[in-house]
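# Structure assessment
Next come the chains, spelled out residue by residue.
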Amino acid sequence: MSKIKLNAILNSNFENLDIKTVGIKSNNKIVYKENDITVTILIYKNKIEINRLNNEYSLNLVFEENKHTKSIYKLFNISKNFVLDTKCTKLVIDEKIINIEYIIEDNKFMYILKIGE
């Protein structure tokens, strides 16, 4: 395990985040905090899985380029799970950057994680 500097950028129609933080990287996993949310990223050759977790919800996102996947949004206070159709339109996986463009329920998102900056 090693500590790494990270710059996480999330853009959508209703949210723009730009967070500089320190995370932990071990093998194919990166973990960092985004305010009160713990973000865990699992990196595979042609696939990324992101889990966003806090006291209120858990969001498991699965991305494979040009594929529809099912992401799970769990709300803890009402014990309810929502299955979200997720279409990944761009997926770049590199040692220094992860770039994902995707659509969930007709909303477009762009997530960039700069590693080691």
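This write-up is about the structure you can find in this document. The residue numbering used here restarts from 1 in each chain and proceeds along that chain's sequence as written. In keeping with the model being predicted, local features are shown solely for residues with a pLDDT of at least 70 and side-chain atom pairs are shown and tallied solely at 80 or more, while totals for entire chains, interfaces and linings include all residues. Heavy atoms from the whole structure form the basis of all side-chain values; hydrogens and water molecules are not counted.

## Re the sheet that holds strand 4 (residues 37-43)
By this definition, two strands are paired if DSSP reports at least two bridges between them. For helices the rule is a DSSP run of H or I covering at least 4 residues; for strands it is a run of E covering at least 2, with both sets numbered from the N terminus onward. Spatially, the 10 strands close up into a barrel ordered 1-2-3-4-5-6-7-8-9-10, and their pairing is antiparallel. With direction set aside, neighbouring strand axes in the sheet form an average angle of 25 degrees. Where strand 5 (residues 48-53) meets strand 6 (residues 57-63), 6 bridges bridge the pair, whose relative direction is antiparallel. From the neighbouring strand, Arg52 faces strand 6, where its bridge partner is Leu59. Here an angle of 0 to 180 degrees is reported between the N-to-C directions of two axes, which are lines fitted to C-alpha atoms, with helices fitted over the stretch in contact.

## A closer look at the pairing of strand 8 (residues 80-93)
Strand direction decides the pairing type here: strand 7 (residues 68-75) and strand 8, joined by 8 bridges, are antiparallel. Among the inter-strand pairings, Leu75 is bridged to a residue of strand 8, identified as Lys80. Between strand 7 and the antiparallel strand that follows it, strand 8, lie 4 residues; Ser79 among them carries a positive phi value of about 50 degrees. With 7 bridges joining them, strand 8 and strand 9 (residues 97-104) adopt antiparallel strand pairing.

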